[in-house]
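Fold and contact review
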Amino acid sequence: MNEVLRQERKFLIGIQTYHRLSQKFSEFMALDEHSKGDGYCIRSLYFDSIDDVDWQEKEDGIELRRKIRLRNYGPQTNFALLEMKQKQGPNQKKRSLKMSRADAEELIAGNTSVLLKYPDNFAAECYSRIHMYCYRPKTIVEYRRKAFVAKENKIRITFDRHIIGTESCFDLFSEELLQSSLIDPGLIVLEVKYNGFLLTYIKTLLEEINSSELSVSKYCLGRAVSKHYHF
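Residues numbered from 1 in each chain as written. Predicted model: local features only at pLDDT ≥ 70, side-chain atom pairs only at ≥ 80, totals over all residues. Heavy atoms only, no water.

The name recorded for the protein chain in an unreviewed UniProt entry is Polyphosphate polymerase domain-containing protein, from Filifactor villosus.

What follows is the structure, given as structure tokens:
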């Protein structure tokens, strides 16, 4: 299991701001190992309880809440990451477990027992929660990500664009997944993830977009049809 604890801030920006900030960050930070060309694909399948407790807690602004998802990097990926994100005050804790493609497909189909194959307390915790609260696949969200990293403080700056999704098919590995736009294609979600504090040059670059800070989640965007969610 991998575990990360950090703070997160999100901003909604336009294409011109994206290109300007991307250029600025490239002068001080390195692209992460996946960010070649226009970035890389991230596809996430979100689960929720039978009565959508995770979605409701986000809508109600509950301080302590979580999300469970399977993530891969496009249909050609031969594995998936089972992840649980938990909000704890200003911090976000993310734990993840690498699963084979076959096991991920079994989990999507409702066979939670595949988690018992993994000798990990996190796998057992996910099994317990998914089984106890009748978690089921709810939506797939996909986007292109360009990411920068600052080694000094493990800071990550990510730009997510072309955010699309579906609530009608949950095949995370499908080559022909029919998806639709979840936000205006001209908008990009900028996320800043850091531990403890931001370096001064990053804070300075972010000052011009402070007014565009937001708390929307990609999971909620992905439930636009079933929840009549508008952003």
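Okay, back to it.
1. Side note on the overall build of the protein chain
To keep things clear, this is the line we draw: Every helix listed is a DSSP run of H or I at least four residues long, and every strand listed is a run of E at least two residues long, numbered separately from the N terminus. Radius of gyration: over C-alpha atoms. The globule rule applied is 2.2 Å multiplied by the number of residues raised to the 0.38 power. Accessible area is worked out with a 1.4 Å probe on protein chains only. A residue is then buried under 20% of its type maximum, exposed over 50%, and partly exposed in between. Throughout, a contact is declared for two residues whenever any of their heavy atoms are within 4.5 Å. Each accessible area is a Shrake-Rupley estimate made with a 1.4 Å probe; only the visible protein chains count as cover when residues are assessed.
Helix and strand counts for the protein chain stand at six helices and 11 strands. Its C-alpha atoms give the protein chain a radius of gyration of 17 Å, near enough to 17 Å, the size a compact globule of 231 residues would have. The principal-axis extents of the C-alpha atoms in the protein chain amount to approximately 50 × 35 × 35 Å. Buried residues in the protein chain amount to 54% of all 231 residues. Here the analysis covers contacts within the protein chain between residues at least 6 apart in sequence; of these, 69% occur between residues at least 24 apart. Approximately 11300 Å² of the protein chain is accessible, and the part contributed by carbon and sulfur atoms is 50%.

2. Notes on the side chain of threonine 77
Basically, it comes down to this: Here a polar contact is recorded for every N or O atom pair within 3.5 Å, except that within protein the pair must consist of a potential hydrogen donor and a potential acceptor, and residues adjacent in sequence are included only if both atoms are side-chain atoms.
Within the secondary structure, threonine 77 sits in the loop between β4 (64–72) and β5 (79–88). A polar atom in the side chain of threonine 77 sits 3.1 Å from the backbone nitrogen of tyrosine 73. At a separation of 2.7 Å, a polar atom in the side chain of threonine 77 contacts the main-chain carbonyl oxygen of glycine 74.

3. Description of the environment of serine 44
Checked against the element boundaries, serine 44 lands in strand β3 (residues 40–48). Between the alpha carbons of serine 44 and arginine 69 there is a distance of 6.3 Å; along the sequence they are 25 residues apart. Those residues in contact with serine 44 that lie beyond four places of it in its chain are Arg69, Leu70, Arg71, Thr139, Ile140, Val141 and Leu172. At a separation of 3.0 Å, a polar atom in the side chain of serine 44 contacts the side chain of arginine 71.

4. Here we look at the layout of surface pockets
Basically, it comes down to this: Cavities and pockets were defined on a 1 Å grid built from protein atoms only: a cavity is a group of points that admits a 1.4 Å probe but offers it no way out, a pocket is an open group of points flanked by protein on both sides within 12 Å along at least five of seven lines, and a lining residue is one with an atom within 4 Å of any such point. Grid points are joined across faces, edges and corners, and a volume is the space filled by probe spheres set on the points.
In this structure, the largest pocket encloses a volume near 550 Å³. Along the wall of the largest pocket there are 21 residues; nearest its centre are Asn2, His34, Tyr73, Lys94 and Arg156. Among the elements of the structure, β1 (2–14), β3, β4, β5, β6 (91–100) and β7 (136–150) are those that each provide at least two residues to the lining of the largest pocket. Element by element, the count of residues in the lining of the largest pocket is highest for β6, at four residues.

5. Considerations on helix α1 (residues 15–28)
What counts, and what does not: Every helix has an expected span of 1.5 Å times one less than the residues it contains. Here the arc refers to the set of directions running from the helix axis out to each C-beta atom.
Compared with the 20 Å implied by 1.5 Å per residue over 14 residues, the 21 Å span of α1 between its first and last C-alpha is a close match. Within α1, the full set of buried residues consists of Thr17, Tyr18, Leu21, Ser22 and Phe25. When α1 is viewed along its axis, its buried side chains cluster within an angular range of 125° and face the same direction. Across α1 from its buried face, at more than 90 degrees, point the exposed residues Gln16 and His19.

6. Describing the nonpolar core
Note the threshold: Side-chain atoms within 4.5 Å are what join buried Ala, Val, Leu, Ile, Met, Phe, Trp, Tyr and Cys residues into a set we call a nonpolar core.
In terms of nonpolar packing, the biggest core is built from 24 residues, with Leu70, Leu82, Met99 and Leu107 touching the most fellow members. Breaking this core down by element, the ones donating at least two residues are β3, β4, β5, β6, α3 (101–108) and α4 (121–132). At four residues, α4 tops the list of elements feeding residues into this core. In contact with leucine 70, other than residues within four places in its own chain, are Arg43, Ser44, Leu45, Phe47, Ala80, Leu81, Leu82, Met99, Ala104, Leu107, Ile108 and Leu172. Formed by 21 residues, the second largest nonpolar core is a distinct cluster that contains Phe25, Ala150, Tyr194 and Ile209.

7. Overview of unusual backbone geometry
Positive phi values are uncommon outside glycine, yet aspartate 52 reaches one of about 55°. Considering the arrangement of structural elements, one finds aspartate 52 in the loop between β3 and α2 (53–60). We note that histidine 162 has phi near 50°; this positive angle belongs to a residue other than glycine. When you line up the elements, histidine 162 lands in strand β8 (residues 155–166). Histidine 162 sits in the partly exposed class, given a relative accessible area of 47%.

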